[in-house]
Amino acid sequence: MMTPNKSDRLYLQLRRRIAAMRDGEAFPTVRQLMAEYGVSQSTVTPAINLLKEKGLLEAYVGRGSFVCKQTDEKPCMLLLQNNWPSRNFIALAETLQKYAEASGFRFIRELYDYRDDITQSLNSFDADIIVIDGIANDLLQPEQVMAISNSPAPVILSRNSVSVSRINYVCGDNTAAGMNVANYLYRMGHRKLGLLFNEPHIYTGECFARGFKSCAASNGCSVEVLDCAIRPGERSVQRIAEFMAEIAAGKYDFTALFPISCEGAAIARDRLLEHGVRIPEDLSIISAGTSPKFDWLTAIDSGMEETSEYVVKMAHDILSHGSKFRRQIEFPQKLVEEHSVLNLNREPAERYG
């Protein structure tokens, strides 16, 4: 990403300003903008000219410049995702593109280095609305909140929840999802549960775990926590393999295991099968996320369709300066039942055929 010059930065600020103005409203003069933003005429003039080229301003001799929103150009939705390889990111991008384009947006996806703080580069992008999906550290710092709040283009966080009044977000209710997992296992007769932290301890994963442990405790179930102790950008494959070897050796006493992600669940299953542990006869596995979808795995649905639909509706409401659509959404996620959890309430003869 190229660092914008002063005129480019001013253009982005003025574009956001125009987005909040009415069609035909008088726009400040060059001298007024120079005084307001503390910049020179050589900075203001190129920014104003670019706004005119984009059809956002119309100038009349002797009258000044006026906001012009009578354009057939589709609004641009920019999706920013970090470049950590994940089929989950690709699935969200494909689903959001489908919803965005069907709703009249021009859709662009850009990747950034997962080690970078993308919130500090929002001034670099020219879009009508920015969607950020997959922030590595989703417990935002004050400077990140400020950067998002002051972005030239409105920002929507996808699959991250930040309870700050000026932050727009769409996210599944992960705490409730964790509770749903624990309650399902309880109803299936499981009382000794395992929780596998195979993802970094970011806020969304912590919500899954908090809801899971809370519901398990209220139902009188025990929870053994296995923590891969990885950081953003690291892979947990080796640590999962070590835990599965310990499970196969009888180190832990639980009948069902909840890996935080479905990819971690797939790795766990493969390693357990290598050790002769049958799924679900010897150990049940349940997870969160259905992208990628495994036809054997009972899991909380990823909510790709719901996320994309809410993001697009929120984007339209923001750009039209509406107030009918909520700007902070946590939606319920359903559990998709497959064949990875054994029902311990059944008679042994029925369970094993």
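In this text the structure is predicted, and so the values were computed from the model without any measurement.

The rules behind each value
- Once a new chain begins, its residue numbering starts again from 1 and follows that chain's sequence as written.
- With the structure being a predicted model, the display of local features is reserved for residues of pLDDT at least 70 and the display and counting of side-chain atom pairs for 80 or more, all residues being used for whole-chain, interface and lining totals.
- The side-chain figures draw on all heavy atoms in the structure; neither hydrogens nor water molecules are used.
- Comment: elements are numbered from the N terminus, with helices defined as DSSP H or I runs of at least four residues and strands as E runs of at least two.
- Residue burial is assigned from relative accessible area. The probe radius is 1.4 Å, only protein chains are included, and a residue is buried under 20% of its type maximum, exposed over 50%, and partly exposed in between.
- Note on areas: Shrake-Rupley, 1.4 Å probe, and residue coverage restricted to the protein chains presented here.
- Neither His nor the chain ends contribute to the count of charged residues, in which Lys and Arg are positive and Asp and Glu negative.
- Every charge is mapped onto a representative atom, which is NZ of Lys, CZ of Arg, CG of Asp or CD of Glu.
- The distinction between a cavity and a pocket rests on a 1 Å grid over the protein atoms alone: a 1.4 Å probe fits inside a cavity but cannot get out, while a pocket stays open yet meets protein on both sides within 12 Å along at least five of seven lines, and a residue with an atom within 4 Å of a point counts as lining.
- Grid points are joined across faces, edges and corners, and a volume is the space filled by probe spheres set on the points.
- Under the convention adopted here, Pro, Cys and the residues Ala, Val, Leu, Ile, Met, Phe, Trp and Tyr are nonpolar, Asp, Glu, Lys and Arg are charged, and Gly plus all remaining residues are polar.
- At least two bridges found by DSSP between two strands are what make those strands a pair.
- Crossovers are described as right-handed under a simple rule: with the strands pointing away from the observer, the path leading from the first strand over the helix to the second runs clockwise.
- Under this definition, polar contacts are N or O atom pairs within 3.5 Å; protein pairs additionally need one hydrogen-donor-capable and one acceptor-capable atom, and for neighbouring residues in sequence, both atoms have to be side-chain atoms.
- In what follows, residue pairs with any heavy atoms lying within 4.5 Å of each other are defined as contacts.
- Take the buried Ala, Val, Leu, Ile, Met, Phe, Trp, Tyr and Cys residues and link them wherever side-chain atoms come within 4.5 Å; each set so joined is a nonpolar core.
- Planes of paired rings set the category: under 30 degrees apart is stacked, over 60 is edge-to-face and the rest tilted, where pairs are Phe, Tyr or Trp rings (Trp by its six-membered ring) whose centres lie within 6.5 Å.
- By definition, being over a ring means that NZ of Lys or CZ of Arg is both within 6 Å of the ring centre and within 35 degrees of the ring normal.

Colleague: Looking at this model, I keep getting lost on the overall build of the protein chain. Mind explaining?
Modeller: Counting its secondary structure elements, the protein chain contains 11 helices and 15 strands. Expressed as lengths along the three principal axes of its C-alpha atoms, the size of the protein chain is roughly 90 × 35 × 30 Å. Looking at the protein chain residue by residue over its 353 residues, the buried ones come to 48%. Counting only carbon and sulfur atoms, one obtains 48% of the accessible surface of the protein chain, whose full area is about 17,200 Å². The average position of the 39 basic charges and that of the 44 acidic charges among the side chains of the protein chain differ by 5 Å.

Colleague: Explain empty space enclosed by the protein here, please?
Modeller: Over the atoms, a rolling probe the size of a water molecule traces out where space has been left empty. According to the stated counting rule, one finds 1 cavity of 30 Å³ or more in the structure shown. If you go around the largest cavity, the residues you meet are Cys 262, Gly 289, Thr 290, Pro 292, Lys 293, Phe 294, Leu 297 and Ala 299. Split by residue class, the lining of the largest cavity holds 5 nonpolar, 2 polar and 1 charged.

Colleague: Help me out: how do you make sense of the pairing of strand 12 (residues 284–288) in this one?
Modeller: If a strand is regular, its side chains alternate between the two faces of the sheet. Summarising burial for strand 12: 5 of the 5 residues are buried, a large majority. Where burial is concerned, the two faces of strand 12 agree: the one with Ser 284, Ile 286 and Ala 288 and the one with Ile 285 and Ser 287 are both buried. Inspection of the sheet shows strand 11 (residues 256–259) paired to strand 12 by 2 bridges, in the parallel sense. In the sheet register, Ala 256 faces strand 12, and the bridge partner there is Ser 284. Note on the crossover from strand 11 through helix 9 (residues 262–274) to strand 12: the handedness is right-handed.

Colleague: Just to check I follow, could you spell out the side chain of Thr 298 for this structure?
Modeller: Positionally, Thr 298 belongs in strand 13 (residues 298–300). Within the structure, Thr 298 has its side chain in polar contact with the backbone nitrogen of Glu 338 (distance 2.8 Å). Each residue touching Thr 298, except ones within four places of it in the same chain, is listed here: Tyr 184, Ile 285, Ile 286, Ser 287, Leu 335, Val 336, Glu 337, Glu 338, His 339, Ser 340 and Val 341.

Colleague: Sorry if this is basic, but what is going on with the nonpolar core here?
Modeller: In summary, soluble globular proteins display a tendency toward joint burial of nonpolar side chains. Among the nonpolar cores identified, the biggest contains 24 residues, and Met 244 and Ile 247 are the most heavily contacted of them. The element contributing the most residues to this core is helix 9, with 5 residues. The residues touching Ile 247, leaving out its near neighbours within four places in the chain, are Leu 226, Tyr 252, Phe 254, Leu 257, Leu 272 and Leu 283. Met 188, Phe 212, Cys 221 and Ile 260 belong to the second-largest nonpolar core, a separate cluster that totals 22 residues.

Colleague: Could you clarify how one ought to interpret the packing of aromatic side chains in this entry?
Modeller: The geometry of an aromatic ring pair comes down to the distance between the two centres and the angle between the two planes. The final tally for this structure, using the stated rule, is 7 aromatic pairs. One aromatic cluster is present, formed by Tyr 310, Phe 325 and Phe 331 through successive ring pairs. The ring centre of Tyr 60 lies 4.7 Å from the NZ or CZ of Arg 63, which sits over that ring.

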